[in-house]
Amino acid sequence: MFKRLADAGTAVAITVDGKPVAARAGDTVAAALLAAGIDHCRTTPVTGAPRAPYCLMGVCFECLVTVDGIGSRQGCLIPVREGMKVETQIGKREAGR
Amino acid sequence: MMAASDLAPSYDLVVIGGGPAGLAAASLAARAGVSTVLFDENPGVGGQIYRAIATTPVADRSILGEDYWAGAALASEAKASGALIVNGATVWSLDPQKIVGVSIAGKARMIEAKRVIIATGSQERPFPIPGWTLPGVMTAGGAQTALKAQGLVPSGRTVMAGNGPLLWLLAAQTLRAGGRIDAILDTTPWRNWLQALVHLPDFALSPYFAKGLALLREVKAKVPVHRVDRVEAVGKEKLGEVVFASGGRERRLPADLLLLHQGVVPNVNLANAAGAAHVWNDRQLCFVPVLDADFGSSVPGIAVAGDGAGIAGGTAAAERGRIAAIAAVRALRADTTLPDTQAIRQKLQREEMGRAFLDWLNRPAESFRQPEGETLACRCEEVTAQQVRDMARIGCEGPNQMKAFLRCGMGPCQGRLCGLTVTELIAAERKMTPAEVGYYRLRPPVKPITLAELASLPISEAERKAVER
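Residues numbered from 1 in each chain as written. Chains lettered and ligands numbered in written order. Predicted model: local features only at pLDDT ≥ 70, side-chain atom pairs only at ≥ 80, totals over all residues. Heavy atoms only, no water.

## Thoughts on the overall build of chain B
For step 1, the next point in the chain: Counting secondary structure elements, chain B contains 20 helices and 22 strands.
For step 2, the next point in the chain: For 469 residues, the compact-globule estimate of 2.2 N^0.38 gives 23 Å, and the C-alpha radius of gyration of chain B, at 22 Å, lies within 12% of that figure.
For step 3, the next point in the chain: Expressed as lengths along the three principal axes of its C-alpha atoms, the size of chain B is roughly 70 × 55 × 40 Å.
For step 4, the next point in the chain: Looking at chain B as a whole, 59% of its 469 residues qualify as buried.
For step 5, the next point in the chain: Contacts in chain B between residues at least 24 apart in sequence constitute 68% of all its contacts with a sequence separation of at least 6.
For step 6, the next point in the chain: As displayed, chain B has an accessible area near 18,800 Å², and 54% of this comes from carbon and sulfur atoms.
For step 7, the next point in the chain: Computed over 51 positive and 45 negative side-chain charges, the inter-centroid distance for chain B is 2 Å. (Helix = DSSP H or I, 4+ residues; strand = E, 2+ residues; numbered from the N terminus. Rg over C-alpha atoms; globule rule 2.2 N^0.38 Å. Buried < 20%, exposed > 50% of the residue type's maximum accessible area, 1.4 Å probe, protein only. Contact = heavy atoms within 4.5 Å. Areas by Shrake-Rupley, 256 points an atom, 1.4 Å probe, with all protein chains shown as cover. Lys, Arg positive; Asp, Glu negative; His and termini not counted. Charge placed at Lys NZ, Arg CZ, Asp CG, Glu CD.)

Here it is as structure tokens:
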């Protein structure tokens, strides 16, 4: 969906669901996901539908992800950090799971 | 980086939001010798319009344009002013006693303020079309943020839909940056010209006139523009195609990215939760705070400056911030020498001149504001337009009751992406005006915080004794 305009910026290594993703200094978590072509970051609590970053300015709460073990963080407001562990979220609770 | 524990327990002035209004307000107050702190939740100052102004990787200045780079002066002025500027600071509470709840890096503090200026700006108006929750559908503002802050440009099959200055600006910036736009779907209703035309002479005198025409020419020379009255995002797990129609003739375009925009509206959450009175603005189709000439709200000591006071754009926002700051300083220290507000008000008036034309021309069509059927009104709780309409029809009178019936507005976004839609749907079904229906009553915390953050608040001996056995 997106390409990087310039290859400037220091590389920052993060993982998303355990897989390495090459982010850049200056990326937020949500931007790093978009740049890496990860097409959704969570599923919804009601129907389990996939969602992806939508507004990138802290308003819509679609980019909620788990960052370093803390759930439901707004990915668009958090700058990436070397070694950061990002996990996509499963919203819908299923009986007996 | 600043930690929550480094904050003083009180400040003369707390400014919330680091866009043009907040930066201008904080610099002016700090220069006048008032102890000032500015809280902003983003990684850097600039707000949305000057997003990442100090760090953008977009080096070629012609891509974002000179209006963007004008923000650099405002940011450096604020930095040099002596105001304490704290980024990554989320304000989640403000009450009429002017106690500000703020979290920084997972630690919370309650800060006392003598005066508060809310400069939380605007957000994009909800654009509830079928499929607007699919991955691959984003706001134009979101794409612009990715361009400014990270140098990301659309590279797949991209369609933009909606209306308003930001849509055309983003299109021009994307093209200059070598990004891809397959088509622009212009949703401006023809009949808007009827109300807009009388305001054209004023707009022709405003600085936005020549800029606007140049932008339209630049974009239309390179991208096919279709006038449409219906837009749908279609796909299973993500966007596959955009369906659009004009006068019943339907067309489909395969797409990876659909960027939506139909103007911006004040981000009212913090002011509403602080108890500030709001009124419906029928021209801008949104709620705006009730303000005096100095942008003071109905809550004494709390002002709302910038686009949060009603949409007028970035340059006007800075002037509004200055006026609000002058009033704050005057209230705190009557003997301070301050800039002449008359000159600032004149500048502001010039900036606001073309607004009526832009507002009337870009007023989104009813069909794009009042969805039907299975289209989601509330994205968070997945409440459909039909559900809201049905509840209104059987007697649900207002947005607050609607929360209890359907949970709309009760998800993490706290009504930001459904509030106006729900108000308008209730009004439509019950044959009332949005003013009569009103808006959600919002309550703190206006941004989610963890129990650990609350537990990190300092506790006094008296507070401890009150609950200890």
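## Digging into the overall build of chain A
For step 1, the next point in the chain: When its secondary structure is counted, chain A shows one helix and eight strands.
For step 2, the next point in the chain: Computed over C-alpha atoms, the radius of gyration of chain A comes to 13 Å, within 12% of the 13 Å expected from 2.2 N^0.38 for 97 residues, which places it in the range of a compact globule.
For step 3, the next point in the chain: Counting contacts in chain A only where the partners sit at least 6 residues apart, residues at least 24 apart contribute 40% of the total.
For step 4, the next point in the chain: Looking at chain A as shown, the accessible area adds up to about 4,400 Å², and 53% of this sits on carbon and sulfur atoms.
For step 5, the next point in the chain: Measuring between centres, the 12 positive side-chain charges of chain A sit 3 Å from its 9 negative side-chain charges.

## Side note on helix α4 (residues 71-80) of chain B
Residues and elements named next belong to chain B.
For step 1, the next point in the chain: For α4, the complete set of buried residues consists of G71, L74, A75 and A78. Down the axis of α4, the sector holding all buried residues measures 95°, keeping them to one side.
For step 2, the next point in the chain: Its buried side turned inward, α4 meets α1 (20-31), α3 (66-69), β3 (84-87) and α11 (314-332). (Arc of directions from axis to C-beta.)

## Regarding the pairing of strand β4 (residues 89-94) of chain B
For step 1, the next point in the chain: With six of its six residues buried, β4 of chain B lies for the most part within the structure.
For step 2, the next point in the chain: In this structure, the hairpin formed by β4 of chain B and strand β5 (residues 99-104) of chain B is closed by a connection of four residues, where K98 of chain B is found at a positive phi of approximately 65°. (Pairing = 2+ DSSP bridges.)

## Side note on unusual backbone geometry
Residue and element names in this part refer to chain B.
For step 1, the next point in the chain: Looking along the chain, the bond that leaves P444 and enters P445 is cis, with omega of 0°.
For step 2, the next point in the chain: Mapped onto the elements of the fold, P445 is located in the loop between α18 (434-437) and α19 (451-455).
For step 3, the next point in the chain: Here A52, not a glycine, exhibits a phi torsion of approximately 55°, which is positive.
For step 4, the next point in the chain: By secondary structure assignment, the location of A52 is in the loop between β2 (36-40) and α2 (61-64).
For step 5, the next point in the chain: For A52, a relative accessible area of 9% translates into the label buried.

## Side note on the layout of surface pockets
For step 1, the next point in the chain: Quantified by volume, the second largest pocket comes out at close to 1,000 Å³.
For step 2, the next point in the chain: What lines the second largest pocket is a set of 38 residues, among which R73, Q74 and I78 of chain A together with T90 and E453 of chain B lie closest to the centre.
For step 3, the next point in the chain: Those elements that place two or more of their residues in the lining of the second largest pocket are β4 (42-43), β6 (64-67) and β7 (70-74) of chain A together with β4 and β5 of chain B.
For step 4, the next point in the chain: By residue number, the principal contributor to the lining of the second largest pocket is β7 of chain A, which donates five residues.
For step 5, the next point in the chain: A per-class count over the lining of the second largest pocket returns 18 nonpolar, 13 polar and seven charged. (1 Å grid on protein atoms, 1.4 Å probe; cavity = no way out; pocket = protein on both sides within 12 Å on 5 of 7 lines; lining within 4 Å. Points joined across faces, edges and corners; volume = space filled by probe spheres on them. Nonpolar A, V, L, I, M, F, W, Y, C, P; charged D, E, K, R; others polar.)

From the geometry alone we can't say anything about function, so treat these as descriptive.
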